[in-house]
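Listed here are the chains, written in short residue letters.
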4 protein chains.
Amino acid sequence: MAQPIGRHFLQIPGPTNVPDRVLRAMSAPTIDHRGPEFAALTTDVLEAVKPVFGTTNPVVVYPGSGTGAWEAALVNTLSPGDRVLAFETGHFATLWRDLATNLGLTVDFLPGDWRHGVDADALAERLAADTAHEIAAVCVVHNETSTGVTSAIPPVSRALRESGHPALLLVDTISSLGSVDYRHDEWGVDVTISCSQKGLMLPPGLGFNAVSDKALRAAETARLPRSYWDWRPVIEANRTGFFPSTPATNLLYGLREALRMLDEEGLPQVFARHLRHAEATRAAVRAWGLDLLCLDDRAHSPALTAVLVPGEHDADKIRAIILDRFNMSLGAGLGKLRGKVFRIGHLGHFNDLTLAGTLSGVQMGLSLAGVPVGHGGITAALDVLEAA
Amino acid sequence: MAQPIGRHFLQIPGPTNVPDRVLRAMSAPTIDHRGPEFAALTTDVLEAVKPVFGTTNPVVVYPGSGTGAWEAALVNTLSPGDRVLAFETGHFATLWRDLATNLGLTVDFLPGDWRHGVDADALAERLAADTAHEIAAVCVVHNETSTGVTSAIPPVSRALRESGHPALLLVDTISSLGSVDYRHDEWGVDVTISCSQKGLMLPPGLGFNAVSDKALRAAETARLPRSYWDWRPVIEANRTGFFPSTPATNLLYGLREALRMLDEEGLPQVFARHLRHAEATRAAVRAWGLDLLCLDDRAHSPALTAVLVPGEHDADKIRAIILDRFNMSLGAGLGKLRGKVFRIGHLGHFNDLTLAGTLSGVQMGLSLAGVPVGHGGITAALDVLEAA
Amino acid sequence: MAQPIGRHFLQIPGPTNVPDRVLRAMSAPTIDHRGPEFAALTTDVLEAVKPVFGTTNPVVVYPGSGTGAWEAALVNTLSPGDRVLAFETGHFATLWRDLATNLGLTVDFLPGDWRHGVDADALAERLAADTAHEIAAVCVVHNETSTGVTSAIPPVSRALRESGHPALLLVDTISSLGSVDYRHDEWGVDVTISCSQKGLMLPPGLGFNAVSDKALRAAETARLPRSYWDWRPVIEANRTGFFPSTPATNLLYGLREALRMLDEEGLPQVFARHLRHAEATRAAVRAWGLDLLCLDDRAHSPALTAVLVPGEHDADKIRAIILDRFNMSLGAGLGKLRGKVFRIGHLGHFNDLTLAGTLSGVQMGLSLAGVPVGHGGITAALDVLEAA
Amino acid sequence: MAQPIGRHFLQIPGPTNVPDRVLRAMSAPTIDHRGPEFAALTTDVLEAVKPVFGTTNPVVVYPGSGTGAWEAALVNTLSPGDRVLAFETGHFATLWRDLATNLGLTVDFLPGDWRHGVDADALAERLAADTAHEIAAVCVVHNETSTGVTSAIPPVSRALRESGHPALLLVDTISSLGSVDYRHDEWGVDVTISCSQKGLMLPPGLGFNAVSDKALRAAETARLPRSYWDWRPVIEANRTGFFPSTPATNLLYGLREALRMLDEEGLPQVFARHLRHAEATRAAVRAWGLDLLCLDDRAHSPALTAVLVPGEHDADKIRAIILDRFNMSLGAGLGKLRGKVFRIGHLGHFNDLTLAGTLSGVQMGLSLAGVPVGHGGITAALDVLEAA
């Protein structure tokens, strides 16, 4: 491998490029997690994180990954054998399905082609058919990190509301939170799952659950074994600024700083920026004559773009060329998409010129790999950026 | 509260003073957790951590806390309703008991006075009585962080071995690992539980399980629901340097650096240093005329010392004076010891002069709080340090 | 001003983008500048810096700026009223002339148009005419940071050598060292002046003088008052790893790390990279239909490119648009070029994609400012980068 | 040398222990020194530094060391051959004398025993005798870093004022500024010289001159050659937030943070803390039965304490034992005091417990070196600290 030169372009769809402000904040000395300075930190971040989720309800923060936050959402609200409805939107929806199955839940997994979002009509049908209210929860991945398809949540909420079905709504916002407009309260979500290393611009290591009152009530009767993930002692201890077990102090420093940055830019501006970068990226892909994985124009992810490579090419080889030659990491095709797509992360701490560098690297890498893409991609992207 | 001046003395028994080398290492940019540089990092730290556990078997690293690592040890090896034998050595043993109970296990909790370690004879009796082999696991806290009492593991192992009982041996080394001599393989431990923020000198955020072959076999049949904590996919992915879900990259950078530091000093030197500091601390406590919580001279912790305050005094007020006046955090009495003891952490990244500063602050703080301790404590401690 | 978003593009021709490795190295605790660890640091960096200058002779490092290093070169070698020959290659050559004048030297300043390098024939003429050997030193700026013109040093050396003139040769490599091939010994330079914040990838704060034996002999008789800048006590103290006055410890940490990075990449690769980026930049400028300031095709700087804006436009307004809109700093026109040119720094810790981002920002900024540049610039640059 | 364990105690009298807040601030990316963000930084620090000097006049900041700031004070105010009156208070006064001599000034150096401060009566005599006003400047070291003796400035000012002598008053506050009460304006000082690495808690690399109006007038006629150190272009450029040559950006970040820390604690509290630590240190020295170098009880330095070792011992060997065994650096005896004294720095980012650790290390080190000091030193120091 060539010596990597200059700053690495970490353009996988998470972990994202951590701002050096956040890295510096995280390098402060660890403090007593039972002392007054810590209590102030907790109180600060737990308030400041709420607007990002669009909630005024508690947000539970764990030392853990997004996978852990998935598990937390399930074990706090469900009981062994409970039936869960989920949608095969891609690799991560499938992994969540597997996790639920491992925990002893029964998952109705509505098949999908990994190129569209959740079908709210299919959901409505299923809910209507479930007159016995056997479905305890509906699980939706807001932004499928493996496909670059974003599922609109309001139609899902509407289907639940209009059906009068009591199922809980659990939404994974792992690669959308802090990058894509999201409204836990307004959309009637019961548990919003997220983690630190995407739009929140932190290293990995924190998992999140935003929790509705209905979810909290469900937690009182849910019978899946739980202890580490149990919301209740966390929420109780958080009232005075503490945690029942040792929290990930330095990641919380980073979270405080990252939330300040989101607030300084303004969430509407953050969301608009991601939309603009996604649009510019798609303009480039189209100009290259390549296909987007996402087939629904209303469902393109603001956070990442998955690109199909022509059949005779191996996407992983293209990525390897780009890593070797241009010191940029792109996301691999996952699961059944392995070798067939690459994914461009354009989320987090990111700006127009970094996107221009990113797309330039993709364009050159494709060309070096023998994919006949021409020159128009970067130009088309710059047109979008300049016009914004 | 007075403005804290100068460097804070974080003398709780963990999180410990994180070396700035480790903080700097952790402030490197996050990298692609599926790329070649990451695979090299994983391979490096997973090998380098083994000697600290005294094992050549796999060590599983989680984004999570020590509490999560407790849970991991149980859910990987046990089934609903399994009987577990545990010892009431203090607050953390009690919390682990509660966690096991929450998970649906039945815990035989041998009562203790929080001033002695595990009674291996009592264990032998229990094992002998359990002719039906109903006890699935024996849980021991190696170093009770709430009491400063270290339980010798070899007698426990011997009791298990000599009884021919098939129970697994699960040992919590949360506040001993990297500070106190420990030998997972030699002592026949099945799961060793630990975390990052004590002797490993990292911020909190990583949990560890070192796993014996017997424990791995138990994992094949254990039926507690598990997914996030499941060792098997982690160990499988680790073979090529990866993780099944996103690992806490920057904490792993810190772990690599901390392991280098332990190796540079040499583990025997690290352990001897902790023994020396503990001895010097006890010399100070005795010279002050105060009582150690630990009543067994063979069981004093090398990592922390819990000190009883005279009955008319409130240990928390003394701690508050010391924090306010000398910018030093000490550990509080936990559970039933609240207000009755304070705990001096002398583990991790720590040296003779930092200990001298620590004990000077304790001595002055006691005096300011009206505890008549005289001047001899620090002098007695320096005698120990100088003679070493 | 809009909130700056994402990572800043610092594309002035120095200070350059400091690698985070260097920033981290600099954040280590300051140590005793008279202790053994410091001596090892000094010895290490003073050896490792030599190949970058192309010398085996001493390199003197000062806490100071490049301006200080200019002064050091003069006061160590010259006496009040000495005559110095210099070339008006641009703003910095003019500032150095002023500095020399301030110090009481007489400067023969050969006029130039700021669009060409040093005229070695004119030098040869002057030297031939100076039969009395009144010229004590010839001052050359290797890479004019204000113009993007690099003067070849070998013809200058040849002129001196062939004339048999005893004048010293003083060369400013402030914006070339570590980016452009340079050979102090081979080219017979007597004092090479440089500083930390350009190709050496450090923050500003260190000045350098590489010193020939002839220069050291000159220092014995030079009579300009000097003390702080005096080479002799520095070189003497350096022998054992120390400095006569307190050195800038943390910048030396950074220097050690930066020199490691140059060594890891390899100096020939570093120089080739800068040549490639300069070529790509010029391809973009030409495709935009704009004029390069440098009129000599053999003299284009590998480190920066100065671009003339069409007469009706104000380069500073263009720069302001680019800073505001794209979070990128470009170099201003200096002195008589104010408002007429902008300068693109493409030196230091820099790679193809960062260049692509940079040129994309310039292209969009020009367009937004109403300069009709079309789309071809970035495409032309990518052609160069891809072909490399 | 033993592996250094734990945090180093940097108890030389400068560079001092740099707070990690300052190190983190310094690790921010370097910015454009001609851009708007930089101008705000300059304006901020140049205002915030004034109260530390006790001035409302300009403070000039250089990339350079304290030695450079000495030179700057002289070359801005004096002309070749000018007569300067200085006092042999110790090694640094002697070095400053040498520097002035190197620059072509004539120094009247009033002899001293290195154990007392400046004799203001002797000064008054000299001024009275100088009826021709040949003395152009009086140079005083406020706090002799080599001896731990602080010279009161008000009597010096009074002697100048009462004599009606026009000489300038130049004061070196290198190891007092930010640690010892100092009042440039009130005491009528003309140039106050300082640097970054002592009470200002920064790494080395910045020199300072605070400048009176009288000094500025002197600069108009002074004829020592100067350019880099010339105050006038700096003060002129500073008006709009810039510098005539590239400033040491990252050290300025650190300066901003350090000034915030001094302001948060409050200068009166900072000064009182240093007085308390000095008193506690002297109490320890006396209890050890050792002699202080300083013989004048009104002149003990709040910033450092120089201790004489009994004649048969080598202070450098004692220091080596302490470095090797306790990971602490102490200051060496300088010049004629080599081997005869060691110096304890107790300035900068420092608190009671760090002092207790420091004095514990000194006490143990002396004992290990065979100096019969007994146990009372640390106890005596704690009495002072506790009572404060």
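Along each chain, numbering runs from 1 in the same order as the chain's sequence is written. For naming, the first written chain is A and the first written ligand is 1, with later ones following in the order written. Local features in this predicted model are restricted to residues whose pLDDT is 70 or higher, and side-chain atom pairs enter the listing and the counts only when it is 80 or higher, whereas totals over whole chains, interfaces and linings include all residues.

**Q** Quick rundown of the overall build of chain A? Include the residues and the values.
**A** Only DSSP runs of H or I covering at least 4 residues are called helices, and only runs of E covering at least 2 are called strands; the numbering of each starts at the N terminus. Across its full length, chain A carries 14 helices and 14 strands. As a reference, a globule follows 2.2 Å times the number of residues to the power 0.38, and the radius of gyration itself is taken over C-alpha atoms. Against the globule reference of 21 Å for 388 residues, chain A gives a C-alpha radius of gyration of 21 Å, in line with a compact fold. With respect to the principal axes defined by its C-alpha atoms, chain A has extents near 60 × 55 × 40 Å. With 388 residues in all, chain A has 63% of them scored as buried. What counts as a contact is two residues whose backbone-derived C-beta atoms lie within 7 Å of each other. When contacts within chain A are restricted to residue pairs at least 6 apart in sequence, long-range pairs at least 24 apart make up 74% of them. To assign burial, the other C-beta atoms lying within 10 Å of each residue's own C-beta are counted, with C-beta atoms placed from the backbone; 20 or more indicates buried, 12 or fewer indicates exposed, and intermediate counts indicate partly exposed.

**Q** Describe the domain arrangement of chain A, naming the residues involved and giving the relevant values.
**A** Residues and elements named next belong to chain A. As used throughout, domain bounds are those supplied by an automatic or database domain assignment. Partitioning chain A into structural domains gives domain 1 (9–16 + 266–387) and domain 2 (20–263). Placing a centre on the C-alpha atoms of domain 1 and another on those of domain 2 gives a separation of 27 Å. Tallying the contact residues gives 27 residues for domain 1 and 29 residues for domain 2. Secondary-structure elements contributing two or more residues to the side of domain 1 that touches domain 2 are α11 (267–287) and β12 (304–308).

**Q** Tell me about the interface of chain B and chain A, and name the residues and values.
**A** Interface size is commonly expressed as the accessible surface area that is lost when the partners come together. Opposite the 48 residues of chain B that make contact, chain A presents 48 residues. Among the elements that take part in the side of chain B that touches chain A, helix α4 (residues 66–77) of chain B stands out by supplying 4 residues, more than any other. When residues are sorted by character, Ala, Val, Leu, Ile, Met, Phe, Trp, Tyr, Cys and Pro go into the nonpolar class, Asp, Glu, Lys and Arg into the charged class, and all the rest, Gly among them, into the polar class. For the side of chain B that touches chain A, the class distribution of residues is 23 nonpolar, 20 polar and 5 charged.

**Q** A description of the sheet that holds strand β9 (residues 191–195) of chain B should follow, citing residues and the corresponding values.
**A** All names here are of chain B. Taken together, the 7 strands give an open sheet; going across it, the order is β2-β10-β9-β8-β5-β3-β4, and neighbouring strands pair in mixed fashion. Pairing within the sheet leaves two strands with one partner each, and these edge strands are β2 (59–63) and β4 (106–110). Sheet twist, expressed as the mean angle between neighbouring strand axes with direction ignored, is 20 degrees. Bridge count between strand β5 (residues 135–141) and strand β8 (residues 168–172): 5 bridges; the pairing is parallel. Residue Val-138 lies in a different strand from β8, and its bridge partner there is Leu-169. Docked against the sheet, helix α7 (residues 153–163) engages β5 and β8, running at close to 165 degrees with respect to β8. One bridge is not enough; two strands pair if DSSP finds at least two bridges between them. Orientation is described by axes fitted as lines to C-alpha atoms, over the contacting stretch for helices, and by angles from 0 to 180 degrees between their N-to-C directions.

**Q** Describe in detail the UniProt feature "binding site: substrate" (unreviewed entry) in chain A, supporting the description with residues and values.
**A** Residues and elements named next belong to chain A. UniProt positions are given in the numbering used here, feature names are shortened, and annotations may be inferred rather than shown by experiment. The positions that UniProt labels "binding site: substrate" (unreviewed entry) are, in the present scheme, Arg-343. With respect to the element layout, Arg-343 can be found in strand β14 (residues 341–345). Since 26 C-beta atoms lie within 10 Å of it, Arg-343 is described here as buried.

**Q** I'd like to hear about the relation of the copies chain B and chain A, residue by residue, with values.
**A** Expressed as a screw operation, the relation of chain B to chain A combines 0.0 Å of axial shift with a rotation of 180 degrees, fitting to an RMSD of 0.0 Å. Expressed as a symmetry operation, the mapping of one chain copy onto the other fits a two-fold axis. No C-alpha of chain B approaches the rotation axis more nearly than that of Gly-64 of chain B, which lies at 2.3 Å. Most of the interface of chain B is mirrored in chain A, where 100% of its interface residues are also at the interface. Copy-to-copy alignment: least squares on C-alpha atoms, limited to residues at pLDDT 70 or above in both.

**Q** Could you give an account of the UniProt feature "domain: Aminotransferase class V" (unreviewed entry) in chain A, naming the residues involved and the relevant values?
**A** Under the present numbering, the feature "domain: Aminotransferase class V" (unreviewed entry) in UniProt falls on residues 10–316 of chain A. Annotated as 41% helix and 17% strand, the span residues 10–316 of chain A places its first and last C-alpha atoms 16 Å apart.

**Q** So what's going on with the relation of the copies chain C and chain D? Which residues, and what values?
**A** With an RMSD of 0.0 Å, chain C superimposes on chain D once it is rotated by 180 degrees and translated 0.0 Å along the axis. Take the interface residues of chain C: 98% of them recur as interface residues in chain D, which is what a same-surface contact looks like.

**Q** Quick one: what's the story with the nonpolar core, residue by residue and with numbers?
**A** Joined through C-beta atoms within 7 Å, a set of buried Ala, Val, Leu, Ile, Met, Phe, Trp, Tyr and Cys residues constitutes a nonpolar core. Val-138 of chain A, Val-138 of chain B, Val-138 of chain C together with Val-138 of chain D are the most contacted members of the largest nonpolar core, which totals 536 residues. With residues near it in sequence (within four places) discarded, Val-138 of chain C still touches Leu-85, Leu-123, Leu-160, Ala-167, Leu-169 and Leu-170 of chain C.

**Q** Could you give an account of the packing of helix α4 (residues 66–77) of chain D against helix α5 (residues 91–102) of chain D, naming the residues involved and the relevant values?
**A** Packed helices, taken two at a time, are described by the angle between their axes plus the distance between the axes. Residue and element names in this part refer to chain D. Interaxial distance between α4 and α5 falls to 10 Å at its minimum, and their mutual angle equals 50 degrees. Our classification of the angle between α4 and α5 gives oblique. As for how α4 packs across α5, the hand of that crossing is right-handed. The residues of α5 that touch α4, namely those facing Thr-67, Trp-70, Glu-71 and Leu-74, are Trp-96, Leu-99 and Ala-100. Tallied by class, the residues present in the contact of α4 with α5 amount to 5 nonpolar, 1 polar and 1 charged. Angle categories: roughly parallel below 35 degrees, roughly antiparallel above 145, roughly perpendicular from 65 to 115, and oblique for all the rest. Rotating anticlockwise by less than a right angle from the far helix to the near helix defines a left-handed crossing, while the corresponding clockwise rotation defines a right-handed one.

**Q** Account for the packing of helix α2 (residues 36–48) of chain D against helix α10 (residues 249–265) of chain D, with residues named and values stated.
**A** Residue and element names in this part refer to chain D. Running from N to C, α2 and α10 cross one another at 45 degrees; their axes reach a closest spacing of 10 Å. The orientation of α2 relative to α10 falls into the category oblique. The element α2 and its partner α10 pack so that their crossing is left-handed. Each of Leu-41, Asp-44, Val-45 and Ala-48 in α2 lies in contact with α10, whose residues at this interface are Leu-252, Leu-255, Arg-256 and Leu-259.

**Q** Tell me what's going on with helix α13 (residues 352–368) of chain D, and back it up with residues and numbers.
**A** Residue and element names in this part refer to chain D. In a regular helix each residue adds 1.5 Å, so 17 residues correspond to 24 Å; α13 covers 24 Å between its end C-alpha atoms and thus fits that length. Counted residue by residue, α13 has 15 buried out of 17 residues, so it is predominantly covered. Among the residues trailing α13, Gly-370 stands out with phi positive, at a value near 90 degrees. Helices are assigned an expected span. That span is 1.5 Å times one less than the residue count.

**Q** Please provide a residue-by-residue account of the pairing of strand β5 (residues 135–141) of chain C, values included.
**A** All names here are of chain C. Judged by how many residues are buried, β5 sits mostly within the fold: 7 of 7 residues are covered. Strand direction decides the pairing type here: strand β3 (residues 83–87) and β5, joined by 4 bridges, are parallel. The residue of β5 that forms the bridge with Ala-86 is Cys-139.

**Q** An account of the interface of chain C and chain D is requested, with residue identities and associated values reported.
**A** The interface of chain C with chain D comprises 47 residues on the first partner and 47 residues on the second. The set of elements that each furnish at least two residues to the side of chain C that touches chain D consists of α1 (20–26), α4 (66–77), α5 (91–102), α10 (249–265) and β13 (328–332) of chain C. Broken down by element, the side of chain C that touches chain D gets its largest block of residues, 4 residues, from α4 of chain C. In terms of residue class, the side of chain C that touches chain D is made up of 22 nonpolar, 20 polar and 5 charged.

**Q** I'd like a rundown of the sheet that holds strand β12 (residues 304–308) of chain B, residues and numbers included.
**A** All names here are of chain B. Read across the sheet, 5 strands follow the order β1-β13-β14-β12-β11 without closing on themselves; strand pairing throughout is mixed. In this open sheet, the two strands that pair with only one neighbour each are β1 (9–11) and β11 (291–292). Here helix α11 (residues 267–287) sits on the sheet and contacts β11, β12 and β14 (341–345); the angle it forms with β12, its principal contact strand, is near 10 degrees.

**Q** An account of unusual backbone geometry is needed here, citing residue identities and associated values.
**A** Cis peptide bonds are those with omega within 30 degrees of zero, and the linkage from Gly-14 of chain A to Pro-15 of chain A qualifies with -5 degrees. Checked against the element boundaries, Pro-15 of chain A lands in the loop between β1 (9–11) and α1 (20–26). Unlike most non-glycine residues, Met-201 of chain B shows phi in positive territory, near 65 degrees. Relative to the helices and strands, Met-201 of chain B is located in the loop between β9 and β10 (206–211).

**Q** I'd like a rundown of the pairing of β4 of chain B, residues and numbers included.
**A** Residues and elements named next belong to chain B. Looking at chain direction, strand β3 (residues 83–87) and β4 are connected through 5 bridges and run parallel. The residue bridging Leu-85 from the neighbouring strand is Asp-108, located in β4. Each parallel crossover has a hand, and for β3 linked through helix α5 (residues 91–102) to β4 it is right-handed. When the strands point away from the viewer and the connection leading from the first strand across the helix to the second strand turns clockwise, the crossover is called right-handed.

**Q** Which residues make up helix α2 (residues 36–48) of chain C, and what values go with them?
**A** Residues and elements named next belong to chain C. For α2, which comprises 13 residues, the first-to-last C-alpha distance of 19 Å matches the rise-based estimate of 18 Å (1.5 Å per residue) to within 8%. Within α2 the residues assigned to the buried category are Phe-38, Leu-41, Thr-42 and Val-45. What you see down the axis of α2 is that its buried residues fit within an arc of 100 degrees, all on one side. Facing away from the buried surface of α2 by more than 90 degrees, the exposed residues are Ala-40 and Glu-47. The directions from the helix axis to the C-beta atoms form the arc being described.

**Q** Could you give me a rundown of the environment of Ser-176 of chain A, with the residues and numbers involved?
**A** Counting through the fold element by element, Ser-176 of chain A comes out in the loop between β8 (168–172) and β9 (191–195). Spatially, the C-alpha atom of Ser-176 of chain A lies 6.5 Å from that of Gly-199 of chain A, the residues being 23 residues apart in sequence.

**Q** Can you explain the environment of Lys-198 of chain A? Please cite residues and give values.
**A** Residues and elements named next belong to chain A. By the element assignment, Lys-198 lies in the loop between β9 and β10 (206–211). Considering only alpha carbons, one finds Lys-198 and Ser-179, 19 residues apart in sequence, at a separation of 8.3 Å. Ignoring sequence-local partners within four residues, the contact set of Lys-198 consists of Gly-14, Thr-16, Ile-174, Ser-175, Leu-177, Ser-179, Leu-347 and Gly-348.

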